[in-house]
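These are the residues of each chain, in order.
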Amino acid sequence: MPESPSPPRTFAGVRVLVTRPREQAENLARLIEERGGEAIRFPAIEIAEPQDPRALLAIIDRLKDFALAIFISPNAVKRAMNLIRARGGLPSGLRVACVGSGSARELKRFGIEDPIVPTGRFDSEALLELPELQQVAGKRIVIFRGDGGRELLGDTLRARGAEVVYAECYRRLRPDTDATPLLRRWARGEVDIVSVASVDGLRNLFDMLGKDGQQQLIRTPIVVVSDRMAQVCRELGFTTGPRLAATAGDEAILEAIQAWRDGQNTL
């Protein structure tokens with residue numbers, strides 16, 4: 001018997017809520033639209049400059065004192081590396097690490113070709129498992145991140161004997177956006193699936209939608225990018241299990257949406 005043809009790789013008729021920050025949403029939106037879907041742009045995070053950049057600049061000016069610089073996110077790379085480049089660039093002996101493939105791509109744009117980066121799973125836990133981060137006693141490590149990020153990475157490295165300094169190079173804000181047009185679309189059944197790429201974005205979205213919108217949200221399929229986010233979905237009362245993308249990258253989110261789409265018979 002001939003093999004059954006594979007289902008078409010299409011999002012025709014699918015309306016996807018894209019919640020990435022405005023300056024990061026367009027690539028995912030374009031990928032969705034190239035497959036025939038509709039990307040509904042509704043940023044749930046706004047990226048802003050740090051309130052007081054002097055502390056960040058002071059750390060950048062003494063990077064030669066550190067053995068390792070870790071970049072938590074693509075935003076951390078872009079915000080910090082533009083300042084680092086303007087102030088003379090990275091010292092030649094400084095090793096560079098990052099949590100995920102998106103950050104590694106951003107580092108490559110700044111000429112950093114071989115950062116320490118996990119493979120397969122992209123989170124702080126995976127980075128901490130790498131051999132390069134095991135024997136760090138006595139080393140000085142700087143972590144470039146947004147304000148109020150997770151403490152796991154720094155706490156674990158300190159427990160291993162490292163001296164850790166945080167360099168906060170951006171703030172994550174909840175946008176002041178009127179959700180009424182989105183809620184009207186949701187009420188008409190015009191939001192099929194939601195994509196969220198961070199815990200902050202998920203919590204912001206929940207808060208931005210208000211009580212009625214929250215009920216719509218928790219009944220809508222959702223793609224998340226970490227086990228932590230899946231746990232938050234359960235805490236918020238989602239009635240369907242979240243779809244977990246393999247990584248936080250746009251292509252992985254796209255494939256998770258496609259896997260959900262391939263299982264639908266009504267769209």
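As the structure is a prediction and not an experimental result, all values here were calculated from the model.

*Asks:* Would you mind going over the overall build of the protein in detail, with residue names and values included?
*Replies:* Looking only at helices and strands, the protein has 10 helices and 10 strands in total. Rg of the C-alpha trace for the protein: 20 Å, near the compact-globule value of 18 Å for 267 residues, within the 12% margin. Projecting the C-alpha coordinates of the protein onto the three principal axes gives extents of approximately 60 × 55 × 35 Å. Here the protein holds 267 residues, and 49% of them are scored as buried. When contacts within the protein are restricted to residue pairs at least 6 apart in sequence, long-range pairs at least 24 apart make up 67% of them. Carbon and sulfur atoms provide 48% of the accessible area of the protein, an area that totals close to 13,300 Å².

*Asks:* Outline the sheet that holds strand 8 (residues 193–195), listing residues and values.
*Replies:* With parallel pairing, 5 strands are arranged side by side in an open sheet as 2-1-8-9-10. Edge strands, defined here as strands with exactly one partner in the open sheet, are strand 2 (38–41) and strand 10 (243–244). Strand direction decides the pairing type here: strand 9 (residues 222–224) and strand 10, joined by 2 bridges, are parallel. If you follow Val224 over to strand 10, its bridge partner there is Leu244.

*Asks:* Before we move on, could you go through the nonpolar core and cite the residues and values that matter?
*Replies:* For soluble globular proteins, nonpolar side chains are generally found buried alongside one another. Core analysis: the biggest nonpolar cluster contains 46 residues, and Leu17, Ile32, Val194 and Leu205 have the highest contact counts within it. It is helix 8 (residues 199–218) that contributes the most residues to this core, 8 residues altogether. Residues in contact with Leu205, not counting those within four places in the same chain, are Leu17, Thr19, Phe42, Ala44, Val194, Val196 and Leu217. Of all hydrophobic cores here, the second largest spans 27 residues; its members include Ala80, Leu94, Ala104 and Tyr170.

*Asks:* Could you give me a rundown of the environment of Ile60, with the residues and numbers involved?
*Replies:* Turning to its location among the elements, Ile60 is positioned in helix 2 (residues 53–60). Excluding anything up to four places from it in sequence, Ile60 contacts Ala80, Leu83, Ile84, Arg87 and Phe144.

*Asks:* Just give me the short version of the pairing of strand 5 (residues 95–98), but keep the residues and values in it.
*Replies:* Bridge analysis of strand 4 (residues 68–71) against strand 5 gives 4 bridges, and the strand direction is parallel. When the sheet's bridge partners are listed, Phe71 is paired in strand 5 with Cys98. Running through helix 3 (residues 74–86), the crossover from strand 4 to the neighbouring parallel element strand 5 is right-handed.

*Asks:* How would you sum up helix 6 (residues 152–159)? Please name residues and give values.
*Replies:* Of all the positions in helix 6, only Leu153, Gly154, Thr156 and Leu157 are classed as buried. Down the axis, helix 6 shows its buried residues gathered within 165° of arc, on one side only. Of the surrounding elements, those touching the buried residues of helix 6 are strand 4, helix 5 (124–128), strand 6 (140–146) and strand 7 (163–173). Backbone geometry just after helix 6 places Gly161 at a positive phi near 100°.

*Asks:* Pulling in residues and values, what's your account of the confidence of the model for the protein?
*Replies:* In the predicted model, the protein carries a mean pLDDT of 91, and 95% of its residues have values of at least 70. In the model, residues 1–5 has pLDDT below 50 throughout and makes 0 contacts with residues more than four positions away in sequence or in other chains.

*Asks:* Describe the environment of Thr180, naming the residues involved and giving the relevant values.
*Replies:* With respect to the helices and strands, Thr180 occurs in helix 7 (residues 180–187). One polar contact links Thr180 to Asp178, side chain to side chain, over a distance of 2.7 Å.

*Asks:* Account for the side chain of Glu106, naming residues and giving values.
*Replies:* Here Glu106 lies in helix 4 (residues 101–109). In terms of polar contacts, Glu106 uses its side chain to reach the side chain of Arg109, at 2.4 Å. Those residues within four positions of Glu106 in sequence are excluded, and the remaining contacts are Pro74, Val77 and Lys78.

*Asks:* Kindly report on the sheet that holds strand 7, identifying the contributing residues and their values.
*Replies:* Here we have 5 strands laid out as an open sheet, ordered 3-7-6-4-5, and mixed in their pairing. Only two strands of the sheet have a single partner each, and these edge strands are strand 3 (46–48) and strand 5. Strand-to-strand, the axes of this sheet are offset by a mean angle of 25°, without reference to chain direction. On the sheet, helix 2 packs against strand 6 and strand 7 and is oriented at approximately 140° with respect to strand 7.

*Asks:* So what about the environment of Val136? Which residues, and what values?
*Replies:* Secondary-structure assignment places Val136 in the loop between helix 5 and strand 6. Exposure remark for Val136: the relative accessible area of 2% places this residue in the buried category. Taking C-alpha positions, Val136 is 6.3 Å from Arg160, a pair spaced 24 residues apart along the chain. In this structure Val136 touches Ile141, Leu157, Arg160, Gly161 and Ala162, once residues within four positions along its chain are discounted.

What counts, and where the lines are drawn
- Residues numbered from 1 in each chain as written.
- Predicted model: local features only at pLDDT ≥ 70, side-chain atom pairs only at ≥ 80, totals over all residues.
- Heavy atoms only, no water.
- Helix = DSSP H or I, 4+ residues; strand = E, 2+ residues; numbered from the N terminus.
- Rg over C-alpha atoms; globule rule 2.2 N^0.38 Å.
- Buried < 20%, exposed > 50% of the residue type's maximum accessible area, 1.4 Å probe, protein only.
- Contact = heavy atoms within 4.5 Å.
- Areas by Shrake-Rupley, 256 points an atom, 1.4 Å probe, with all protein chains shown as cover.
- Pairing = 2+ DSSP bridges.
- Core = buried A, V, L, I, M, F, W, Y, C linked by side-chain atoms within 4.5 Å.
- Right-handed = clockwise from strand over helix to strand, strands pointing away.
- Arc of directions from axis to C-beta.
- pLDDT = per-residue confidence, 0-100.
- Polar contact = N/O pair within 3.5 Å; in protein donor to acceptor, adjacent residues only side chain to side chain.
- Axes fitted to C-alpha atoms, helices over the stretch in contact; angles between N-to-C directions.

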